[in-house]
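Each chain, letter by letter, is given below.
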Amino acid sequence: ADNLRRGSPDQSGTTQMTISLLLAEQPSDKRAADSIVAKHHSYVPSIRVVGRCLKYLCFSDEVLVGTFWVGSFMKPTPKDMLRAMGLSQAIVDRRFNSFADNKKFCMAVSIPNAGSQVLKHVRARVADDWKRRYGDELLAMFTTIGSGKNGAVYRADNWEVVGHTAGLPPKRSAVSMKWDDAATISQRFVKPTGEDKKLILGTARLAGRRSTLASVHRTVGADLL
């Protein structure tokens with residue numbers, strides 16, 4: 001990740017590039033993905049993730065230029081995500097591993113239009129990689145955008161604008177749904193009031209499917225509806 005370079009312009013001055021992905025499976029590949037995030041992520045450079053995580057290395061003409069991470073979904077699930085898919089929290093909980101969160105998307109080199117090409121390649125293969133690695137069918141993938149960003153690269157790949165997270169006030173006591181007991185969570189919980197809202201975008205157009213988020217409820221299984 002330390003030796004990055006741009007592609008060469010052709011005679012017209014237009015940069016020619018071929019975008020490709022590699023699923024990081026070897027320790028050295030995973031370290032390369034972590035290094036890009038730690039050095040280049042603009043607002044959350046942490047490499048820590050909890051639960052599942054597929055890490056992709058992004059190449060332009062065989063030169064490493066970025067990384068894209070897909071991991072475990074969100075619980076509790078933001079209401080706008082549930083509304084977009086027409087699902088209840090109870091149903092999502094039962095099919096929790098059929099949904100994923102884009103944990104990181106970080107480009108170490110700025111290349112015009114590369115972002116939307118990376119997203120296209122991820123959508124084409126992530127469901128197969130998820131199935132092979134974890135054994136579950138992936139139905140939809142979401143991302144949240146903070147720091148005043150508008151998600152332009154996702155919109156360019158036709159991700160659907162879902163809404164916003166509820167947001168929490170900046171002065172709050174942190175809780176862990178995994179480690180704190182019910183009494184501690186009840187004591188520290190602060191009702192969302194809108195601060196720090198994040199834009200939500202999502203797509204169900206995975207592995208060649210032309211599904212919309214609104215159609216996901218038809219594929220979760222009749223036994224759950």
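These figures come from a predicted structure and were not determined experimentally. (Residues numbered from 1 in each chain as written. Predicted model: local features only at pLDDT ≥ 70, side-chain atom pairs only at ≥ 80, totals over all residues. Heavy atoms only, no water.)

Draft legend 1. The arrangement of the overall build of the chain in detail. Scanning the chain from terminus to terminus reveals six helices and seven strands. Split into buried and exposed, the 225 residues of the chain put 43% on the buried side. Contacts spanning at least 24 positions in sequence make up 75% of the contacts within the chain whose residues lie at least 6 apart. Carbon and sulfur atoms provide 49% of the accessible area of the chain, an area that totals close to 12,400 Å². (Helix = DSSP H or I, 4+ residues; strand = E, 2+ residues; numbered from the N terminus. Buried < 20%, exposed > 50% of the residue type's maximum accessible area, 1.4 Å probe, protein only. Contact = heavy atoms within 4.5 Å. Areas by Shrake-Rupley, 256 points an atom, 1.4 Å probe, with all protein chains shown as cover.)

Draft legend 2. Quick look at the confidence of the model for the chain. Looking at the chain as a whole, the pLDDT averages 83, with 75% of positions reaching at least 70. This stretch, residues 1-12, has a pLDDT under 50; its non-local contacts, to residues over four places away or in other chains, come to 25 contacts. (pLDDT = per-residue confidence, 0-100.)

Draft legend 3. Structural detail: the environment of Ala207. Within the secondary structure, Ala207 sits in the segment after strand 7 (199-203). Given the relative accessible area of 36%, Ala207 is considered partly exposed. As for Ala207 and His121, which are separated by 86 residues in sequence, their C-alpha atoms are 9.6 Å apart. Once residues lying within four places of it in the same chain are set aside, the contact partners of Ala207 are Arg123, Ala124 and Ala127.

Draft legend 4. Structural detail: helix 1 (residues 27-40). Over its 14 residues, helix 1 runs 20 Å from end to end, which matches the ideal 20 Å to within 8%, given 1.5 Å per residue. Among the residues making up helix 1, those that are buried are Asp29, Ala32, Ala33, Asp34, Ser35, Ile36 and Val37. On its buried face, helix 1 is in contact with strand 1 (19-23), strand 2 (53-60), strand 3 (63-72) and strand 4 (99-107). (Expected span 1.5 Å × (residues − 1).)

Draft legend 5. Examining helix 4 (residues 114-134) more closely. Helix length check: helix 4, at 21 residues, gives a terminal C-alpha distance of 28 Å against a target of 30 Å (1.5 Å per residue), a fit within 8%. The largest bend along helix 4 measures about 45° and falls at Arg125. Looking only at helix 4, the buried set comprises Ala114, Gly115, Val118, Leu119, Val122, Arg123, Val126, Ala127, Asp129 and Trp130. Of the residues one or two after helix 4, Gly135 is the one with positive phi, at around 85°. (Bend = angle between axes of the 7 residues up to and from the residue.)

Draft legend 6. Broad picture of the pairing of strand 7. Judged by how many residues are buried, strand 7 sits mostly within the fold: five of five residues are covered. A two-sided burial pattern is seen for strand 7, the buried positions comprising Leu199, Leu201 and Thr203 on one face and Ile200 and Gly202 on the other. Sheet analysis places strand 5 (residues 140-145) next to strand 7, joined by five bridges and oriented antiparallel. From the neighbouring strand, Thr144 faces strand 7, where its bridge partner is Ile200. In this structure, strand 6 (residues 160-164) lies alongside strand 7, joined through four bridges in antiparallel fashion. Pairing of Gly163 across the sheet is with Ile200, part of strand 7. (Pairing = 2+ DSSP bridges.)

Draft legend 7. Geometry of the pairing of strand 2. A large share of strand 2 lies buried, amounting to eight of its eight residues. Burial along strand 2 is two-sided: Cys53, Lys55, Leu57 and Phe59 and Leu54, Tyr56, Cys58 and Ser60, pointing in opposite directions, are all buried. In this structure, strand 2 lies alongside strand 3, joined through eight bridges in antiparallel fashion. The partner of Cys58 across the bridge, within strand 3, is Gly66. Turn length for the strand 2-strand 3 hairpin, with the two strands adjacent in sequence and antiparallel, is two residues, and the turn residue Asp61 shows positive phi of about 50°.

Draft legend 8. Summary view of unusual backbone geometry. Cis rather than trans, the peptide bond between Lys75 and Pro76 has omega equal to 0°. The topology assignment puts Pro76 in the loop between strand 3 and helix 2 (79-85). Even without being a glycine, Glu62 presents a positive backbone phi close to 70°. Note that Glu62 resides in the loop between strand 2 and strand 3. Relative accessible area serves as the criterion here: at 76%, Glu62 is assigned to the exposed category. Despite not being glycine, Ala207 has its phi angle at roughly 55°, a positive value.

Draft legend 9. Representation of the packing of aromatic side chains. Applying the stated rule across the entire model yields seven aromatic pairs. When the centroid spacing of 5.6 Å and the interplanar angle of 35° are considered together, the rings of Phe73 and Phe99 count as tilted. With Phe73 in the loop between strand 3 and helix 2 and Phe99 in strand 4, this pair connects stretches of sequence that are 26 residues apart. As far as burial versus exposure is concerned, Phe73 and Phe99 are alike and both buried. With a centroid separation of 5.7 Å and an interplanar angle of 40°, the aromatic rings of Phe73 and Phe142 are classed as tilted. Taken together, the positions of Phe73 in the loop between strand 3 and helix 2 and Phe142 in strand 5 put the pair 69 residues apart, joining distant regions of the chain. Taken as a pair, Phe73 and Phe142 share a single burial class, namely buried. These aromatic residues form a ring-pair network of at least three members: Phe68, Phe105, Tyr154 and Trp159. When the ring centre of Trp69 is taken as reference, the NZ or CZ atom of Lys55 above it lies at 4.2 Å. (Phe/Tyr/Trp six-rings, centres within 6.5 Å; stacked < 30°, edge-to-face > 60°. Lys NZ or Arg CZ within 6 Å of the ring centre and 35° of its normal.)

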